[in-house]
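# Summary of structural features
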Amino acid sequence: MDQIARLLSPASVAVIGASGDARKTSGRPIAFLRKHGFEGRLYPVNPRYEEIDGLRCYPSVDALPEVPDVAIILLGPERANQAVADLAARGCPAAIVLAGGYGETGTTGAQRQEELKAARGSMRILGPNTIGLVNLTERVTLSASGALDMDQLLPGRVAVVSQSGGILGALLSRGVAAGIGFSKLISTSNEVDLDVADFVDYLADDPTTSVIALYIEGLRDSEKFTRAARKARSAGKPVVVYKVGRSEAGAHAANSHTGALAGSDDLYSAYFKQLGVIRAETFADLLDIPFALASGRSMNGRRVAILTSTGGAGTLIADNLGMSGFETPAPGPETAEKLRNLDIGDQAVLDRNPIDLTLAGLQPELMRSAIGILLDSDDYDAVVTVVGSSGVAQPHLMADAIRDSLASSDKPVLAYISPHAPAAAQRINGSGGVAFNAPESCASALKALVMSGQGSSASAADIAPSAARVEELPSGPLDEERSKRLYAGFGITVTRELVVKSGQEAAQAASELGGHVALKVLSELIPHKSEVGGVALHLSSDTIGDRLERMRDEVGGHVGFTPESFLVQEMVTGGQELILGFHRDPQLGPALLLGMGGVTAELFQDTTLRLLPVSEEQAREMLCELKTYPLLDGFRGMPKADVDAAAKCIVAFSQMAMQLGDRLVEAEINPLLVRPAGSGVIALDGLTIIA
């Protein structure tokens, strides 16, 4: 048995700093372990007691009669560190440090946390600043959470791992109130050693866990989390994440639009999507979605039957499902005929959806038969039943009808409880059904059931060999011409252009490029040329010389120095402008951003993100995710754009970023012009920063 397994399933537990007063935090762990049926050996450690709750109390770690599988430490931070060192010296596999005053408190606490890390040796540590863990399937409550005061804890198939200790108590108490059980609840908190990814990896192998729910603030090791999440997905265990910090601003890079557009929360959403991890949009979803997934039912389409005996509640469900992209079609002729044959009276409405059975809601046999007909029908992929006012006084009516219908189909059956009827929710949830108190929860759960059946978009992308000599690139920002030469080395088409220093050279260059050109200031110190008057369009060999001298003066007035070089560039028109950029997130690593391009990129915020590497399939997904994708797809008679070439360009840009590795700080093509189908794409501008 490895160390994490012994932490979660110990045969012996030492409680360091235990108290004989169960009203104190230090007295709770032993009280909870005994109350909830822990069957292993318990060793309180405190030199002030000879006995606690009938158990012999030991004066020190050295005095323990055996090396415990796990120790829960209830001391202040300085003494906790010494206890960790003593336990490590005896070969204890794992310890839980509840004390705060570590990395969360500032410089002094961070130093204390480093000392804790050193003291642990090869022992595994949960915490510090944690509330501990609860293994409900084996009645192990290594926690001081007041939520464990409740008399009965419900085992179930959902595991929770949280970077916040208080969230465990909140979910545990809410789950018990709703009749929802858990397998494991683990608070990782400061993660001096064990982190969220370690427990996702462990739970992927845990036979008592079907779904893994995570509450996170950030990831300390995204590569490790990626491996763990993929392992869980391969094991058929959905991972649901609620991430806080959605409103925090992303890291804004000083030079590129990409840095401003690639907010860290948006990148987390892209990361989770690539891994096939389901993101909970609300805190309520963190309980509702995993419970629905733990039912083990699959959803193979988006057509939902709503069965109700109260019209208003049925409309609420229909509205929320519609907003989430689900269809609520009326029953087909065959299904409607079977419903009519139930003899449910003249008031029932069977030609639309919601399907309103009116007074039949008080007749469980009729409701049971109706649910069975809808589950058996090819018209629907799921059924949502509405529990009306009868659920208050007679919670068994709908609960029993749902329970008796489940064996006939693997389609999802959800219940929306319209009145406040906790007994009905507990009865439905406790008998194999899935009940919610909010219509939004039904929609969120069904969306998750659809997503869990879809494959992850994460796929490897081979790195093509490049003609560019990347090792010769200078450090710092590259000007536009040098940036585009780099891109061209990876197969990206760029504009024809010539570097000039005078009006006479500009006139000659314009003539060589066909006489219809653009003029740009060229300097690695001026990333946003148009903002300082450094771009002029539709020039000819006759007009470009004077325009260059005016641009030199105008730009110099803005930037405080006189630019020496300019770029004469062919004018390319006809197509849709995109922005394609590279961004390096400090937590998640390198990513690509794609969006509407040009000077309005930050204004419209129509973007999508992917972590590297990006395959051609993912590149096409990115294009289709843009709100402005119809402009590429022939909107209102416009010519269709060369989407194939755009996808290949995205892949080439990804390959460039992968080959440059840590040397690449920023890179951006803005705009990338996507020309009509068959005409390719062309990079009109470029920005690159090399470490």
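Computed from a predicted structure; not experimentally measured. (Residues numbered from 1 in each chain as written. Predicted model: local features only at pLDDT ≥ 70, side-chain atom pairs only at ≥ 80, totals over all residues. Heavy atoms only, no water.)

## Focus on the UniProt feature "domain: CoA-binding" (unreviewed entry) in the chain
For clarity, the threshold we go by: UniProt positions are given in the numbering used here, feature names are shortened, and annotations may be inferred rather than shown by experiment. We count a stretch as a helix when DSSP gives it H or I for four or more residues in a row; a strand needs E for two or more, and each element gets its number in order from the N terminus.
Those residues carrying the UniProt feature "domain: CoA-binding" (unreviewed entry) are residues 7-102 in this numbering. As annotated, residues 7-102 comprises 25% helix and 23% strand, and the C-alpha atoms at either end are separated by 22 Å.

## Thoughts on the pairing of strand β8 (residues 132-135)
Heads up, the condition is: Residue exposure (1.4 Å probe, protein chains only): buried if accessible area is under 20% of the type maximum, exposed if over 50%, otherwise partly exposed. Two strands make a pair as long as DSSP finds a minimum of two bridges between them.
Residues G132 and V134 point to one face of β8 and L133 and N135 to the other, with burial holding for every one of them. Across 4 bridges, the pairing between β8 and strand β9 (residues 140-143) is antiparallel. Across the sheet, residue V134 finds its bridge partner in β9, namely T141. Counted along the chain from β8 to the antiparallel partner β9, the turn is 4 residues long, and its residue R139 has a positive phi close to 60°. Of the pairings in the sheet, the one linking β8 to strand β11 (residues 182-187) comprises 3 bridges and is antiparallel in character. Paired with V134 across the strands is L185, a residue of β11.

## A few points about the packing of helix α5 (residues 165-178) against helix α10 (residues 283-294)
Short version of the rule: Lines fitted to the C-alpha atoms define the axes, with helices restricted to the stretch that makes contact. Angles between their N-to-C directions range from 0 to 180 degrees. Angles are sorted into four bins: roughly parallel if under 35 degrees, roughly antiparallel if over 145, roughly perpendicular if 65 to 115, and oblique for all others. In this scheme, a crossing is called left-handed if the near helix is turned counterclockwise away from the far one by less than a right angle; it is called right-handed if the turn is clockwise. Contacts are assigned to residue pairs with any non-hydrogen atoms lying within 4.5 Å of each other. Residue classes follow a fixed rule: Ala, Val, Leu, Ile, Met, Phe, Trp, Tyr, Cys and Pro count as nonpolar, while Asp, Glu, Lys and Arg count as charged, and any other residue, Gly among them, counts as polar.
Here α5 crosses α10 at 55°, and the two axes come no closer than 11 Å. The angle between α5 and α10 falls in the class oblique. Between α5 and α10 lies a crossing whose hand is right-handed. Contact residues: α5 offers I167, A170, L171, R174 and G175, while α10 offers F283, L286 and L287. Here the contact of α5 with α10 is composed, by residue class, of 6 nonpolar, 1 polar and 1 charged.

## So, unusual backbone geometry
Cis geometry is adopted by the peptide bond preceding P128, which originates at G127 and carries an omega value of 0°. Tracing the backbone through its elements, the reader meets P128 in the loop between β7 (124-126) and β8. Following N353, the chain continues to P354 via a peptide bond in cis, the omega torsion being 15°. Take P354: it is sitting in the loop between α12 (333-340) and β16 (355-356). The backbone of N129 shows a phi angle near 60°, a positive value even though the residue is not glycine. Mapped onto the elements of the fold, N129 is located in the loop between β7 and β8. One non-glycine residue with positive phi stands out, namely E191, at about 55°. Structurally, E191 is set in the loop between β11 and α6 (196-203). Judged by its relative accessible area of 7%, E191 is buried.

## Structural notes on the nonpolar core
Soluble globular proteins tend to pack their nonpolar side chains together in the buried interior. The test is simple: Take the buried residues of types Ala, Val, Leu, Ile, Met, Phe, Trp, Tyr and Cys, join any two whose side-chain atoms come within 4.5 Å, and each joined set is a nonpolar core.
Counting 59 residues, the largest nonpolar core has L7, V13, I96, L142, F199, L214 and F225 as its most contacted members. Apart from residues lying up to four places away in sequence, F225 is in contact with V196, A197, V200, L214, L219, Y271, F272 and L275. V211, V384, A443 and A448 belong to the second largest nonpolar core, which has 53 residues in total.

## Focus: the sheet that holds strand β21 (residues 497-500)
What the 4 strands build is an open sheet, ordered β21-β24-β22-β23; its pairing is antiparallel. In this open sheet, the two strands that pair with only one neighbour each are β21 and β23 (535-539). Averaged over neighbouring strand pairs, the angle between their axes works out to 20° when direction is ignored. Two elements, β21 and strand β24 (residues 565-570), share 4 bridges in a ladder whose sense is antiparallel. Within the sheet, the bridge partner assigned to V500 lies in β24 and is F566. Packed onto the sheet, helix α20 (residues 544-559) meets β21, β22 (517-522), β23 and β24 and runs at close to 30° relative to β22.

## Here's the deal with the environment of S12
As a reminder, the rule being used: Pairs of N or O atoms are called polar contacts if they sit within 3.5 Å, as long as, within protein, a hydrogen donor faces a hydrogen acceptor (for residues adjacent in sequence, only side-chain-to-side-chain pairs).
With respect to the element layout, S12 can be found in strand β1 (residues 12-16). On the basis of relative accessibility, which here comes to 1%, the residue S12 falls in the buried class. For the pair S12 and F38, spaced 26 residues apart in sequence, the C-alpha to C-alpha distance is 9.7 Å. Reaching out from S12, the side chain makes a polar contact with the backbone nitrogen of D69 at a distance of 3.0 Å.

## Quick word on the packing of aromatic side chains
Short version of the rule: Two rings from Phe, Tyr or Trp (for Trp, the six-membered ring) form a pair when their centres sit within 6.5 Å of each other. Planes less than 30 degrees apart are called stacked, planes more than 60 degrees apart edge-to-face, and all others tilted. Put simply, a charge is over a ring when the Lys NZ or the Arg CZ is close to the ring centre, within 6 Å, and near the line of the ring normal, within 35 degrees.
Scanning all chains against the criterion turns up 8 aromatic pairs. Ring centres of Y215 and F283 lie 6.4 Å apart, and the angle between their planes is 90°; this geometry places the pair in the edge-to-face category. Remark: F283 occurs in helix α10 and Y215 occurs in strand β12 (residues 211-216); sequence separation between them is 68 residues. Side by side, Y215 and F283 carry an identical accessibility label, which is buried. Three or more aromatic residues joined by ring pairs make a cluster, and in this case those are F225, Y268, Y271 and F272. A cation sits over an aromatic face here: K243 above Y268, 4.6 Å from the ring centre. For the cation-ring pair, R302 lies above F326, with the distance from its terminal atom to the ring centre recorded as 4.5 Å.

## Examining the pairing of β22
When you tally the buried positions in β22, you get 6 out of 6 residues, the bulk of the element. The two faces of β22 match: V517, L519 and V521 on one face and A518, K520 and L522 on the other face are all buried. The sheet contact formed by β22 and β23 spans 3 bridges and is antiparallel. If you follow L519 over to β23, its bridge partner there is A536. By the bridge criterion, 6 bridges tie β22 to β24 in an arrangement that is antiparallel. By the bridge assignment for β24, L522 is matched with S565.

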